[in-house]
Structure formats: C-alpha cells, structure tokens
Amino acid sequence: MAVFVNGVIFEGVDTAAPDCWRLEAYMARGGYQALKKILDNKIPQEDVIAEVKNSGLRGRGGAGFPTGLKWSFMPRSFPGDKYVVCNTDEGEPGTFKDRDIIIYNPHALIEGMIIAGYAMGCKAGYNYIHGEIFEAYELFEEALDEARKAGLLGQNILGTDFSFDLFAHHGYGAYICGEETALLESLEGKKGQPRFKPPFPASFGLYGKPTTINNTESFASVPFIIRDGGQKFLEAGKPNNGGTKLFSISGHVNRPGNYEIPLGTPFATLLEMAGGMKDGKKLKAVIPGGSSAPVLPGEVMMELTMDYDSISKAGSMLGSGAVIVMNEDVCMVKALERLAYFYHEESCGQCTPCREGTGWLYKVIHRIANGEGRDGDLELLESVGNNMAGRTICALADAAVFPVRSFTKHFRNEFEHLIKHKKALVDHKWC
Ligand SMILES: Cc1cc2nc3c(=O)[nH]c(=O)nc-3n(C[C@H](O)[C@H](O)[C@H](O)COP(=O)(O)O)c2cc1C
Ligand code: SF4
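As the structure is a prediction and not an experimental result, all values here were calculated from the model.

Enquirer: Which residues make up the packing of helix α3 (residues 45-54) against helix α6 (residues 106-120), and what are the values?
Expert: At a closest axis distance of 7 Å, the pairing of α3 and α6 adopts a crossing angle of 125°. The angle between α3 and α6 falls in the class oblique. Between α3 and α6 the crossing geometry is left-handed. Two secondary-structure elements touch here, α3 through Gln 45, Val 48 and Ile 49 and α6 through Ile 115, Tyr 118, Ala 119 and Met 120. Residue classes in the contact of α3 with α6 are distributed as six nonpolar, one polar and no charged.

What follows is the structure, given as structure tokens:
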C-alpha cells in the first residue's frame, strides 16, 4: 500500500527507496537522536513521561486515550519485571497503517519502544504483529537485529547502564487478539480471549506483571516528541488532539492509501489528497475510524475536521483512523450485512450476549438484505443491540452494535424499503 506523507512519522522517508527502512537510512533522517538525548543527558524518567503528556499524543489504536497519562499509571517502585507491549495486531477492517510503519520505518517504532522502556523502568518489550502480514514480521525481525548489532538494544545500551531488549511475536490473524488483554493471553501462549478488567494491565499484565500496551503508531510518534519537544508535536495538530495521524483511506476514492496529516485537517482536504471520488460519483457515507465507528452521511463528513473531538461531536469516533468511503451506488443494507458477518465470525464466544447477539444481528440483517425482512426487524435489531452493548467482557460486542445503530439511524429508508418491497432501494452493485 502506498504511503503519502506529510507528518512526523514519515518525515523524510522516501517510501520508493528499497532501503528506506534500514538503520542507516533512519540514522540519516535523525533517527535515535531522541534516545541519545535521553541517555546523554540522563533525563529523569518522569521528565520523559511529562514530555509525552505535554505533546497531547492520544493512543492511535482506537480509544484515543492520552499516552503520557497511561505511562504514568505504571507502578514506579514495583520490584520485579515490567513490560512494554506494542499492538501491531491491526485487524480492524479498513485499517492498514501499522504495517506500513513496520515496512517503511520500523526503527521509529523500535526507538519509541526503547524510550517507553526507559521511561517506565522496563527491561523487555514485545511487539505482537498480525499473523497475516508475515513479511512485515520478518522485516521487523531484521530491523531488530540491526538495532541489536548497533548496541541500541540489549545490555548497556550505547555504553550506559540502561538495558532493554525487544522481541517480535506474530499472531494468527484473529481480530480479537487486538484487544489488549486477549493479546496478552495470546502472547503468553494461551487461547486469545479477553480477560476481565479490573485488574488492568498496568497492575496485572503480561505474565501477571505491570504492563503498558500501546498501538504501533503511538510508539512511533514518541521519537519526534522527545527529539523536537512535546510542544512542537502538539502544535502539529490542534489542542487536545496533538500531532499528525495516519489515515488509511479505502473505498470509492481514486487513490486509496495511507495519508499522514495534521489532526484537525478538514475531511474534504483528505478526500482531495486521496484523489477525490472515483468515477466522479457522489459521496454517500463515510465510516471515519474503522468498521466499529458509527457511519456518518457524506454531507455531514464534508463539514468535519479529522480529529478526535470533531468526529466524536458528530456522533462517531476517529478510532484507528481507517476512513471507509462509500459512493451513491452502495446499498447500505448490504454493506451492514458484511460488517455484521465480520463481528459474528470474530466473536471469541466467551460472553453469551456477544456470542449469540452477533449471530442474531447478522441473521436479521442478512434476511433483510435478501428480501426476506419482516415487520418489526428494525425493532428487533435495536433490542438485540441493547442487550449486548456494555454487557460483555470486552468492547467487541459494542463494536458490533455501533454500525447497526448508525446504519439504521442514518439510512433507515433503505432498510424500510427493502423490508416493505423485498427489493433494494439501491441496487446491490457494490457487492
Ligand atoms: C475487539 C478489539 C480489537 C482491537 N484491535 C486493536 C488493534 O488491532 N490494534 C490496536 O492498537 N488496538 C486495538 N484495540 C484497542 C486495544 O485494546 C488497546 O486499547 C490499544 O492497543 C491501546 O493502545 P493506544 O492507547 O496506543 O491506542 C482493540 C480493541 C478491541 C476491543
Ligand atoms: S465481548 Fe465478545 S469478543 Fe469480547 S470477550 Fe465477550 S464474547 Fe469475547
């Protein structure tokens, strides 16, 4: 997937150059200067965390939780092992940004994780990589090797008394292993199913030890923050929404791909960067933050800026930054049917409301899409959703309900038409 860049992670990365990911190329772009700055000046751990807090960096994995604040939850005086874990599971439909960070700029992630290890007093870290991007996993292993040989990982990093090592682990492609506690279970060699929370990973994480989990893009933003200062990162975005962010655009645009742009950029600008609507068709709807983010009508999106606050005010989520663009030909019932099938397939089955509810959502939407919908089906969908959201161990159930609620709210006429006339209002051309 091509990367079109304009921000802090891909600053100076020539993605067309085959060796852009290598240590030498990263060093030439100012790589590992942030780590050197910390080690040369013996910057206290709390100052590193304070800088990350000042940057306004919010977690890029979906929830947008402030990264610096999360780091400050790590118990400082814990006597045993503590871990940093990176989430490169990236299974959310529409999201394909983290693999490009690993493919084109893996040392930004490695440096970010080393800095995180330093700031939180950890001796080891793990990167959990989605099982279906094996080439990215192999490349990351090679980048780790380069860093070890250069004395940037392992014992006494760059001749100091700071030691930290980092390991890569690949999963097998289950979406649920992106949920942080399922990821930890899987990393421990167990079945990848979410844990009850509390306790949270900050107190009971990997192997029962304090652990901080962040998304790939969150860690990869850290070297810039430490090298150039949190304030500069903050100013690259907008208040409460610091920095630049990668958006994965897919669907009916001329140039789908990843675009790193300042948070607060108008959606209309992003759409233009992606070459505009394919075949000059009309914009109908956008899922702005990955398949679990509520869908918004095109005309609403055209008025919004791409940042956490603006999208949430409009009733959706910036999520992972996966922007799925749909044109006027899309049958919204058929589109929702596909999403509902995904969540039904990916439920881990631990909680009854999710295991059964995702099946019911799919079954009812499937029959509506196939002209077999019944009176009362929309009310049934609402009732099933109400019995799922907020009643399960993890947020997958909510993620399955949000699209159903938003599709049936904004595009209700298409569902009603299909139930009544047994024929789609919009032809199923898209599928
Ligand atoms: C079902 C489910 C799937 C998730 N998948 C991912 C994922 O693929 N990548 C990711 O970074 N976070 C994913 N998350 C969010 C993680 O649980 C966690 O919040 C995140 O990795 C924290 O990193 P951040 O604070 O840097 O965003 C998922 C959450 C849920 C409930
Ligand atoms: S909500 Fe669904 S995916 Fe999450 S733990 Fe329960 S059954 Fe598993």
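Enquirer: Can you break down a nonpolar patch on the surface residue by residue, with the values?
Expert: Taken together, Phe 65, Leu 69 and Phe 73 make up a surface patch of nonpolar side chains, about 260 Å² in accessible area. Mapping Phe 65 onto the fold places it in the loop between α3 and α4 (67-72). What makes Phe 65 partly exposed here is its relative accessible area of 35%.

Enquirer: Go over unusual backbone geometry, please, and point to the residues and values.
Expert: With an omega of -5°, the peptide bond running from Lys 197 to Pro 198 counts as cis. Residue Pro 199 follows Pro 198 across a cis peptide bond; omega there is 5°. Positionally, Pro 199 belongs in the loop between α8 (180-187) and β5 (211-215). Not every positive phi belongs to a glycine, and Glu 90 is a case in point at roughly 35°. Structurally, the position occupied by Glu 90 is in the loop between β2 (83-88) and α5 (98-104). For Glu 90, a relative accessible area of 9% translates into the label buried. Of note, the phi angle at Asn 156 is positive, near 45°, even though the residue is not glycine. Relative to the assigned elements, Asn 156 resides in the loop between α7 (134-149) and β4 (165-170). Since its relative accessible area comes to 42%, Asn 156 is described here as partly exposed.

Each value, and the rule that gives it
- Residues numbered from 1 in each chain as written.
- Chains lettered and ligands numbered in written order.
- Predicted model: local features only at pLDDT ≥ 70, side-chain atom pairs only at ≥ 80, totals over all residues.
- Heavy atoms only, no water.
- Axes fitted to C-alpha atoms, helices over the stretch in contact; angles between N-to-C directions.
- Helix = DSSP H or I, 4+ residues; strand = E, 2+ residues; numbered from the N terminus.
- Parallel < 35°, antiparallel > 145°, perpendicular 65-115°, else oblique.
- Left-handed = near helix turned anticlockwise from the far one by under 90°.
- Contact = heavy atoms within 4.5 Å.
- Nonpolar A, V, L, I, M, F, W, Y, C, P; charged D, E, K, R; others polar.
- Patch = residues over 30% accessible without salt bridge, like charges linked within 9 Å, V, L, I, M, F, W, Y side chains within 5 Å.
- Areas by Shrake-Rupley, 256 points an atom, 1.4 Å probe, with all protein chains shown as cover.
- Salt bridge = Lys/Arg side-chain N within 4 Å of Asp/Glu carboxyl O.
- Buried < 20%, exposed > 50% of the residue type's maximum accessible area, 1.4 Å probe, protein only.

What is shown is where atoms sit, not what they do.
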